[in-house]
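Structural overview for review
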Amino acid sequence: MSTTGDQLRKQAEEVTEDLQKMGGTVRDAAQEKLEQVGEKAVEYCEQGQEKVHGAACVCEQFLRQRPLTSVLLAAGIGWLLGRFWKHG
């Protein structure tokens, strides 16, 4: 018959194995989730770049079609910002 010490040692080894398996499972799940988050981040970044590029194209088109209006608009905005800056 095995002694109580042997039984405790065997149970401790089993618990250790179980904990190691659980740790591996948790690690794998965390790594998978991290990969998903990374993929989403890349996707959002690409969408943002596309929107910025689209807005830049619209601005460029406006500048080419209405150069005088663009200059006057920029001057007006600059004047307003200057007034707020002095009084702020």
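You'll find the structure just up there.
Figured I'd write up the structure that's included with this text. (Residues numbered from 1 in each chain as written. Predicted model: local features only at pLDDT ≥ 70, side-chain atom pairs only at ≥ 80, totals over all residues. Heavy atoms only, no water.)

A count of helices and strands for the protein chain gives two helices and zero strands. For 88 residues, the compact-globule formula gives about 12 Å, and the C-alpha radius of gyration of the protein chain, at 32 Å, lies well above that figure. C-alpha extents for the protein chain along the principal axes are approximately 100 × 35 × 5 Å. Put simply, the protein chain has 88 residues, and 2% of those count as buried. For the protein chain, the distance from the average position of its 11 positive side-chain charges to the average position of its 13 negative side-chain charges is 17 Å. (Helix = DSSP H or I, 4+ residues; strand = E, 2+ residues; numbered from the N terminus. Rg over C-alpha atoms; globule rule 2.2 N^0.38 Å. Buried < 20%, exposed > 50% of the residue type's maximum accessible area, 1.4 Å probe, protein only. Lys, Arg positive; Asp, Glu negative; His and termini not counted. Charge placed at Lys NZ, Arg CZ, Asp CG, Glu CD.)

In the contact formed by helix H1 (residues 4-65) and helix H2 (residues 67-87), the axes pass within 5 Å of each other and the chain directions differ by 110°. In this view, H1 runs roughly perpendicular relative to H2, as classed from their interaxial angle. Residues Phe62, Leu63, Arg64 and Gln65 of H1 lie in contact with H2, whose contacting residues are Pro67, Thr69 and Ser70. Looking at the contact of H1 with H2, its residues break down into three nonpolar, three polar and one charged. (Axes fitted to C-alpha atoms, helices over the stretch in contact; angles between N-to-C directions. Parallel < 35°, antiparallel > 145°, perpendicular 65-115°, else oblique. Contact = heavy atoms within 4.5 Å. Nonpolar A, V, L, I, M, F, W, Y, C, P; charged D, E, K, R; others polar.)

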